[in-house]
Amino acid sequence: MPQILVDTSSGRVIDLLELKPEQIEFESIAHSLSQQCRFAGHTRKFYSVAEHCYNLSIIVAGAEKLEQPDLSLAVLAILVHNATEAYIGDIITPVKESAPIIGRVEDKIMETIWQRLGINGGNMQGLIKKYDKIALASEMWALLPDRGKTTMGITAKMTSRLLVDMIDSAPERTPAEGRSLWLSEFAALVEECGIKL
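Attention here is on the structure that accompanies the text. (Residues numbered from 1 in each chain as written. Predicted model: local features only at pLDDT ≥ 70, side-chain atom pairs only at ≥ 80, totals over all residues. Heavy atoms only, no water.)

Overview of helix α1 (residues 26-35)
Okay, so step 1: Across the 10 residues that make up α1, a large majority, seven, are buried.
Okay, so step 2: Within the sequence span of α1, burial applies to Phe26, Ser28, Ile29, Ala30, Ser32, Leu33 and Ser34.
Okay, so step 3: Buried residues in α1 make contact with α2 (49-63), α4 (85-88), α6 (100-117) and α10 (175-193). (Buried < 20%, exposed > 50% of the residue type's maximum accessible area, 1.4 Å probe, protein only. Helix = DSSP H or I, 4+ residues; strand = E, 2+ residues; numbered from the N terminus. Contact = heavy atoms within 4.5 Å.)

What follows is the structure, encoded as structure tokens:
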């Protein structure tokens, strides 16, 4: 039987094809996401996947207050929506779209993460896609030299001014700072949701 073995920051070796919920370690996820720069590192400043998830969780918490019956759970789903990238990396969208196997492996990992949290993340997919699309445009606008105009046809109207301002005004964070932001938000949301890990 084939294996896809990953050596995690905690020292645990896991097989992505046989991943079990009890093998998911959120400290390792935070560590990995904080080390990975968005857009394969082609940004004007270091901006980690952890920071992306954190900023998006702040945006959703403010924007969805009246629309989500369980806001904390929705914000938690947004915070962990890229947790698979701790195991397979932040693969740029054009590559993902050209290699469907990546999406299948990513879906399997994400389902295991949802199981570890004891939540039905599938119910959150519409919300996640909606805000991730806004974040993609906003982050390209704020971080890429061409602002995503050539590669994705990004215009200012497609962005969240709040997110662009958050990115522009924030200092360049170190991986340790990004990890800390992500873990603090994660701990608060897990407690608010009453999740026992």
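Back to the write-up after that little detour.
Description of the pattern of salt bridges
Okay, so step 1: Scanning the entire structure with this criterion turns up seven salt bridges.
Okay, so step 2: Here Arg179 makes a salt bridge to Glu27, at a shortest N to O gap of 2.7 Å. Separated by 152 residues along the polypeptide, Arg179 in helix α10 and Glu27 in helix α1 bring together distant segments of the chain.
Okay, so step 3: Relative accessible area serves as the criterion here: at 28%, Arg179 is assigned to the partly exposed category.
Okay, so step 4: Here Glu27 falls in the partly exposed class, since its relative accessible area comes to 47%.
Okay, so step 5: Between Glu139 and Arg38 there is a salt bridge whose closest N-O contact spans 2.6 Å. Residue Glu139 is located in helix α7 (residues 125-143), and its partner Arg38 is located in the loop between α1 and α2; the two are separated by 101 residues in the primary sequence. As far as burial versus exposure is concerned, Glu139 and Arg38 are alike and both buried.
Okay, so step 6: Here the residues in one salt-bridge network are Glu85, Lys96 and Glu106, joined through shared partners. (Salt bridge = Lys/Arg side-chain N within 4 Å of Asp/Glu carboxyl O.)

Quick look at the nonpolar core
Okay, so step 1: Formed by 57 residues in total, the largest nonpolar core has its most connected members in Ile29, Val80, Tyr87, Ile113, Leu117, Trp182 and Phe186.
Okay, so step 2: Elements with a contribution of two residues or more to this core: α1, α2, α3 (71-79), α4, α6, α7, α9 (161-169) and α10.
Okay, so step 3: The leading source of residues in this core is α7, at nine residues. (Core = buried A, V, L, I, M, F, W, Y, C linked by side-chain atoms within 4.5 Å.)

Here we look at the side chain of His52
Okay, so step 1: With respect to the helices and strands, the residue His52 is situated in helix α2.
Okay, so step 2: Reaching out from His52, the side chain makes a polar contact with the side chain of His81 at a distance of 3.2 Å.
Okay, so step 3: What His52 contacts, discounting residues up to four positions off in sequence, is Arg38, Tyr47, His81, Asn82, Asp132, Ala135 and Glu139. (Polar contact = N/O pair within 3.5 Å; in protein donor to acceptor, adjacent residues only side chain to side chain.)

Describing the packing of aromatic side chains
Okay, so step 1: Overall, the coordinates contain two aromatic pairs when judged by the stated rule.
Okay, so step 2: The interplanar angle of 10° and the centroid separation of 5.2 Å between the aromatic rings of Trp182 and Phe186 together place this pair among those described as stacked. In this pair, Trp182 and Phe186 both sit in helix α10, four residues apart, roughly one turn of the helix. Pair check on accessibility: Trp182 and Phe186 agree, each one buried.
Okay, so step 3: An aromatic cluster is present here, built from Phe26, Trp182 and Phe186 joined pairwise through their rings. (Phe/Tyr/Trp six-rings, centres within 6.5 Å; stacked < 30°, edge-to-face > 60°.)

Some details on the packing of α7 against α9
Okay, so step 1: Interaxial distance between α7 and α9 falls to 9 Å at its minimum, and their mutual angle equals 40°. Taken together, the axis directions place α7 and α9 in an arrangement best described as oblique. Between α7 and α9 the crossing geometry is right-handed. Packed against α7, whose contacting residues are Ala135, Ser138, Glu139, Trp141, Ala142 and Leu143, the element α9 presents Leu163, Val164, Ile167 and Asp168 at the interface.
Okay, so step 2: When its residues are assigned to classes, the contact of α7 with α9 shows seven nonpolar, one polar and two charged. (Axes fitted to C-alpha atoms, helices over the stretch in contact; angles between N-to-C directions. Parallel < 35°, antiparallel > 145°, perpendicular 65-115°, else oblique. Left-handed = near helix turned anticlockwise from the far one by under 90°. Nonpolar A, V, L, I, M, F, W, Y, C, P; charged D, E, K, R; others polar.)

Considerations on the packing of α3 against α7
Okay, so step 1: Relative to each other, α3 and α7 sit at 55°, their axes nearing to 10 Å. With respect to each other, α3 and α7 are oriented oblique. Relative to α7, α3 is oriented so that their crossing is right-handed. Contacts between α3 and α7 involve Ala74, Ala77 and Ile78 on the former and, on the latter, Leu127, Ile128 and Tyr131.
Okay, so step 2: Of the residues belonging to the contact of α3 with α7, the class tally is six nonpolar, no polar and no charged.

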